[in-house]
Amino acid sequence: MKKQKSIMEIIAEANKAVTTGIDEKDIEYWVMIYIMGRAYKVPAGLTIMQAMEYAGYRFIRSAGCRAGFCGACATVFRKIGDYKLQTAMACQTKVEDGMYLVQIPFTPAEKAAYNIGKEPYDVSVLFKYYPELARCLSCNTCTKACPQDLEVMDYVQAAIKGDFTAVAEGSFECIQCGLCAIRCPAEIVQYNMAQLARRMFGRYGSKRPESLSKRVKEVKEGKYEKDFRKLLSATMEEFKKLYADREREKD
Amino acid sequence: MAELKFIEGYPEYMYELIKVVEQTRAKRKDYTPKAMTMEEREDVLKVHPDYAEGGKRAINIGVNKGDIAPNEVADLLEAYPLIEEGEIDLRKPDYTTDILIIGGGLAGTTAAIWANDQGVPKENILLVNKLRHGDANSIMAQGGTQAADRENDSPVIHFIDALGGGHFTNKPDVLQTLVEDAPLIIDWLIDLGAMFDREENGDFVEIWGGGTCRKRMHACRDYTGLEELRVIRDEFKSREIPSLEYEPVIELLTDSDRVTGALLWNFETGEYKIVEATATIIATGGFGRLHIRGFPTTNHYGATCDGVVIAYRAGARLRDTDTVQYHPTGAAYPQQIIGLLLTEKLRSMGAQPVNKDGEAFVFPLEPRDVEASAFIRECYVRDKGVVTPTGMRGVWLDTPLIDIKNGKGTVDKAFPGMKRMFARFGIDMAKYPVLVFPTLHYQNGGVETDPWGKTNLEGLWVAGEVSGGVHGKNRLMGNSTLDCIVFGRKAGISTAEYVKSGKKRGKLTLEHMKKYVKLLKEAGIPKERKAPILLPDYRGKRVLARMIDVF
């Protein structure tokens with residue numbers, strides 16, 4: 001048993017940098033970054049988020065899932081000697097030498113209220129709730145700002161044409177960080193508009209599978225009640241047998 | 001010292017090792033190692049972090065005194081509150097509500113909508129979030145949601161799968177609700193406009209999950225949780241149900257054995273607020289950020305066990321606190337994403353675990369604890385793992401097999417999120433395998449409930465990961481998003497009924513806290529140990545060593 005304990009210790013030791021914070025003595029390579037203008041020397045190879053923590057920042061805002069799904073850590077940065085403002089998710093982007101960066105703690109964007117069960121499945125619903133859609137200048141700034149590399153302008157244009165499939169597919173991987181809306185000169189809230197379009201598409205864009213409707217009906221009618229009553233009084237041995245006797249569906 | 005030379009995102013030496021994997025790929029394409037027998041499972045589980053010595057101890061205080069829990073969890077259960085008695089003025093509630101929901105992931109948000117559907121007016125519901133609404137483990141769920149809705153499947157078969165996966169320790173009546181309500185949940189999600197993967201005729205694309213004997217996983221590419229949470233949250237916001245952000249609950253309020261509200265704390269101003277509630281639902285998720293046994297985690301920033309801590313102090317009963325779920329496939333390389341989730345769906349679609357010698361060494365879809373143990377054994381007992389530049393070990397997950405088995409472009413289409421994550425660090429997972437090692441994923445146990453999410457305390461419900469019982473000692477893939485939505489719905493309906501029955505609000509006191517503090521003192525618990533911890537602390541050691549408190 002002693003040996004197993006040491007396995008756990010080795011694993012814990014190897015993961016220390018991500019579980020307890022980084023110790024300077026373990027670092028070989030360094031870069032200089034500028035957090036809201038102030039210079040910090042941080043280990044190379046960290047994400048922006050990890051680097052800020054190393055520098056001493058403890059997040060309340062601007063950190064969420066830490067894995068690229070929630071959009072909380074929207075970041076704007078510029079590299080020394082470059083005029084261009086770039087965008088990134090702090091948890092999914094490596095720090096680079098000479099980055100000037102700031103995070104966006106909140107996006108004060110409009111989100112319309114609606115009941116999709118009562119709206120028509122056509123373009124009018126998009127213009128009803130997001131009329132500024134018509135102001136799109138086709139400048140592509142939104143696309144350039146998207147940290148997910150989505151073709152934002154393309155799906156905005158598709159929305160104007162009422163092509164729900166294209167909006168839904170094109171915006172599906174949106175994490176709603178809000179960077180597109182913040183950069184948009186036409187004040188469009190791309191990501192919220194797309195949310196409405198996707199919900200309309202999800203509800204009305206394809207036929208509900210018959211097998212699902214059938215099963216829902218069966219459950220509501222109590223078709224499985226008897227089976228479950230029997231199951232719930234089964235012994236452990238019977239459970240184990242049922243489990244061992246399962247037949248696996250073919251691949 | 002020169003920087004490491006990288007090829008295709010890998011250090012040169014790792015790139016060389018990939019060639020070994022490529023050499024055996026053609027042979028492995030049509031070969032799958034046999035699933036383990038129950039005896040073989042038992043044997044391999046000996047190297048699982050739950051079973052290896054030194055990780056757990058008995059809880060010394062409270063309702064579950066004598067039960068076993070991970071050291072990190074037991075420490076938090078035996079910790080002092082963040083506030084002291086007398087510090088808080090409970091006379092004037094800042095909010096008075098019928099239903100207070102703590103935590104805005106899938107479970108909490110679903111509960112609000114269903115309570116509203118049962119006729120509780122929106123202004124009588126309050127959702128409070130520690131972080132932003134939706135910053136939760138829910139949003140990170142990738143693989144899918146189980147529901148037995150195909151002709152050859154049934155809720156009964158789903159039940160048996162989950163029960164065996166949970167080592168027959170699941171609470172059967174709660175599990176029945178999970179599997180029976182599953183098709184209803186998928187139906188509801190379609191009503192809300194969720195975009196599940198579909199065949200051309202509208203049928204769901206349904207795939208395997210580890211430990212299941214039917215294909216019943218409903219996925220939205222590899223963004224299932226994101227899609228489900230987005231539509232549910234959008235519905236919540238469209239209904240304009242009140243919610244607060246960055247205001248964690250730091251203590252419940254009680255009237256003897258009844259929960260009557262909660263104490264909120266504004267994360268940014270430090271101000272406390274009193275909520276008076278007829279019914280309270282805790283849906284705060286799990287504890288990955290406790291880094292049990294020093295493991296990295298797939299969990300979001302706020303997964304710090306808060307809900308279990310505050311409920312336990314108020315007298316809620318816990319169960320199955322002794323097991324933790326480690327997901328077999330956390331990223332082991334590159335360093336920036338260590339511990340992050342690589343969905344089980346990768347293996348459902350044909351990716352194969354392979355050791356350093358290019359051998360497929362395990363059936364790819366064992367229940368998670370068995371699969372994870374097999375990886376640990378391969379790395380640390382058989383020494384057939386690959387060592388990374390930061391000293392981690394891992395096994396390959398041969399992802400190029402996905403395109404080989406399902407057609408070119410499948411990885412792009414089915415795993416855009418994963419592909420993007422690795423591409424950001426220079427790795428093309430459709431062309432090259434990725435390195436994986438188990439990562440802390442899920443809190444199997446939690447607050448015990450009945451099939452409606454009710455706890456042993458009057459006025460208190462729980463839903464989602466914070467609860468215990470439905471998964472027993474090990475959860476299957478696709479049952480967590482399902483758990484959240486099924487029991488969020490149940491708790492929403494049940495609290496609405498409770499409120500509508502004319503229940504009066506109780507007194508607001510911290511008596512439970514006083515009693516608990518007395519127990520802590522008697523047990524000699526160190527004063528500096530406090531909980532809930534709210535957030536982990538990853539600040540650099542150098543800065544912490546020089547920090548002084550002057551302002």
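Definitions and limits used
- Residues numbered from 1 in each chain as written.
- Chains lettered and ligands numbered in written order.
- Predicted model: local features only at pLDDT ≥ 70, side-chain atom pairs only at ≥ 80, totals over all residues.
- Helix = DSSP H or I, 4+ residues; strand = E, 2+ residues; numbered from the N terminus.
- Rg over C-alpha atoms; globule rule 2.2 N^0.38 Å.
- Buried ≥ 20, exposed ≤ 12 C-beta atoms within 10 Å, placed from the backbone.
- Contact = placed C-beta atoms within 7 Å.
- Expected span 1.5 Å × (residues − 1).
- Arc of directions from axis to C-beta.
- Domains from an automatic or database assignment.
- Nonpolar A, V, L, I, M, F, W, Y, C, P; charged D, E, K, R; others polar.
- Pairing = 2+ DSSP bridges.
- Axes fitted to C-alpha atoms, helices over the stretch in contact; angles between N-to-C directions.
- Parallel < 35°, antiparallel > 145°, perpendicular 65-115°, else oblique.
- Left-handed = near helix turned anticlockwise from the far one by under 90°.
- pLDDT = per-residue confidence, 0-100.
- Core = buried A, V, L, I, M, F, W, Y, C linked by C-beta atoms within 7 Å.
- Right-handed = clockwise from strand over helix to strand, strands pointing away.

Turning our eyes to something else, we now look at the overall build of chain A. A count of helices and strands for chain A gives 12 helices and five strands. Relative to its length of 251 residues, chain A is extended, with a C-alpha radius of gyration of 26 Å against a globular reference of 18 Å. The dimensions of chain A, computed from C-alpha atoms along their principal axes, are 70 × 70 × 35 Å. In chain A, which comprises 251 residues, the share counted as buried stands at 41%.

Another aspect to go through is the overall build of chain B. Looking only at helices and strands, chain B features 16 helices and 22 strands. Against the compact-globule benchmark of 24 Å for 551 residues, chain B has a radius of gyration of 23 Å, which places it among compact chains. Projected onto its principal axes, the C-alpha positions of chain B cover 70 × 60 × 45 Å. Out of the 551 residues in chain B, the part that is buried amounts to 63%. The contacts in chain B between residues at least 6 apart in sequence include a share of 76% that link residues at least 24 apart.

All names here are of chain B. Compared with the 16 Å implied by 1.5 Å per residue over 12 residues, the 17 Å span of helix 15 (residues 511–522) between its first and last C-alpha is a close match. Residues H512, M513, Y516 and L520 constitute the buried set of helix 15. Seen end-on, helix 15 carries its buried residues on one side only, within an arc spanning 95 degrees. Among the exposed residues of helix 15, those oriented more than 90 degrees off its buried face are K514, K518, K521 and E522. On its buried side, helix 15 packs onto strand 11 (249–255) and helix 8 (306–313). One or two positions beyond helix 15, positive phi appears at G524, with a value near 70 degrees.

Residue and element names in this part refer to chain B. Taking 1.5 Å per residue as the helical rise, helix 14 (residues 480–500) with its 21 residues ought to reach 30 Å, and the 30 Å between its terminal C-alpha atoms agrees with that figure. With respect to burial, helix 14 is a largely interior element, 18 of its 21 residues being buried. G502 occupies a position one or two residues after helix 14 and carries a positive phi of about 90 degrees.

Moving on, we get to unusual backbone geometry. Trans peptide bonds make up the majority, and among non-glycine residues the majority have a negative phi. Residue P334 of chain B is reached from Y333 of chain B by a cis peptide bond, and omega for that bond is -5 degrees. Structurally, P334 of chain B can be placed in the loop between strand 15 (324–331) and helix 9 (345–348). Cis geometry is adopted by the peptide bond preceding P532 of chain B, which originates at A531 of chain B and carries an omega value of 0 degrees. Note on placement: P532 of chain B falls in the loop between helix 15 and helix 16 (541–545). Positive phi is not limited to glycine here, since N140 of chain A has a value of about 70 degrees.

Put simply, an interface is often sized by how much accessible area is lost when its parts join up. Each domain of chain A was delimited in the assignment, giving domain 1 (28–103), domain 2 (116–204) and domain 3 (210–243). The distance between the C-alpha centroids of domain 2 of chain A and domain 3 of chain A comes to 43 Å.

Looking now at the interface of chain A and chain B. Listed as interface residues are 79 residues of chain A and, on the opposing side, 90 residues of chain B. Of all elements in the fold, only helix 1 (2–14), helix 2 (16–20), helix 3 (48–54), helix 9 (190–204), helix 10 (210–220), helix 11 (225–232) and helix 12 (236–244) of chain A reach the threshold of two or more residues within the side of chain A that touches chain B. Per-class residue counts for the side of chain A that touches chain B are 40 nonpolar, 17 polar and 22 charged.

Residue and element names in this part refer to chain B. If you check the domain split of chain B, you get domain 1 (6–50 + 326–440) and domain 2 (95–323 + 444–500). Averaged C-alpha coordinates put domain 1 and domain 2 at centres separated by 30 Å. Of all the secondary-structure elements, those providing two or more residues to the side of domain 1 that touches domain 2 are strand 15, helix 9, helix 10 (368–381), helix 13 (416–423) and strand 19 (434–443). Grouping the constituent residues of the side of domain 1 that touches domain 2 by class yields 13 nonpolar, seven polar and seven charged.

To continue, consider the sheet that holds strand 9 (residues 217–218) of chain B. Each strand in a sheet pairs with another by means of backbone hydrogen bonds, the pair being arranged parallel or else antiparallel. Residues and elements named next belong to chain B. Pairing in this open sheet of three strands is antiparallel, and the strands run 7-9-8 from one edge to the other. Pairing within the sheet leaves two strands with one partner each, and these edge strands are strand 7 (145–146) and strand 8 (206–207). Here strand 7 runs beside strand 9; their pairing, made up of two bridges, is antiparallel. Within the sheet, the bridge partner assigned to T145 lies in strand 9 and is H218.

Here we come to the packing of helix 5 (residues 155–165) of chain B against helix 6 (residues 172–192) of chain B. All names here are of chain B. Two elements in contact, helix 5 and helix 6, have axes whose closest approach is 9 Å; the angle formed by their N-to-C orientations is 135 degrees. Comparing the axis directions of helix 5 and helix 6 gives the class oblique. Crossing of helix 5 over helix 6 shows right-handed handedness. Of the residues in helix 6, those touching helix 5 at P155, H158, F159, A162 and L163 are L175, Q176, V179, E180 and A182. Considering only residue class, the contact of helix 5 with helix 6 consists of seven nonpolar, two polar and one charged.

A separate point is the confidence of the model for chain B. Chain-level statistics for chain B give a pLDDT mean of 96 and a share of 99% at 70 or above. Taken over the whole predicted complex, pTM reads 0.97, whereas the ipTM for its chain interfaces reads 0.96.

Within the largest apolar cluster, 239 residues are counted, with the highest numbers of intra-cluster contacts made by A197 of chain A together with I101 and I281 of chain B. Those residues in contact with I101 of chain B that sit more than four places away from it in its chain are G108, A111, A112, I125, L126, L127, I281 and A283 of chain B.

This part is about the sheet that holds strand 14 (residues 318–319) of chain B. Residue and element names in this part refer to chain B. If you trace the three strands from one edge of the open sheet to the other, you get 14-20-22, paired in mixed fashion. Each edge of the open sheet carries a strand with a single partner, namely strand 14 and strand 22 (467–468). Relative to strand 20 (residues 446–448), strand 14 runs antiparallel, the two being bridged by two bridges. By the bridge assignment, R319 is partnered in strand 20 with G446.

A word on the pairing of strand 15 of chain B. All names here are of chain B. The buried fraction of strand 15 amounts to eight of the eight residues, a majority that puts the element mostly inside the structure. Across six bridges, the pairing between strand 15 and strand 19 is antiparallel. Of the residues in strand 19, the one forming a bridge with H327 is T439.

This part takes up the pairing of strand 6 (residues 125–128) of chain B. Residue and element names in this part refer to chain B. Neither face of strand 6 is open: one carries I125 and L127, the other L126 and V128, and all of them are buried. Of the pairings in the sheet, the one linking strand 5 (residues 95–102) to strand 6 comprises four bridges and is parallel in character. Residue pairing for strand 6: L100 is matched across the bridge by L126. Regarding topology, helix 4 (residues 106–117) serves as the crossover connection from strand 5 to the parallel strand 6, and that connection is right-handed. Of the pairings in the sheet, the one linking strand 6 to strand 10 (residues 243–244) comprises two bridges and is parallel in character. Bridging from a neighbouring strand, V128 pairs with L244 of strand 10.

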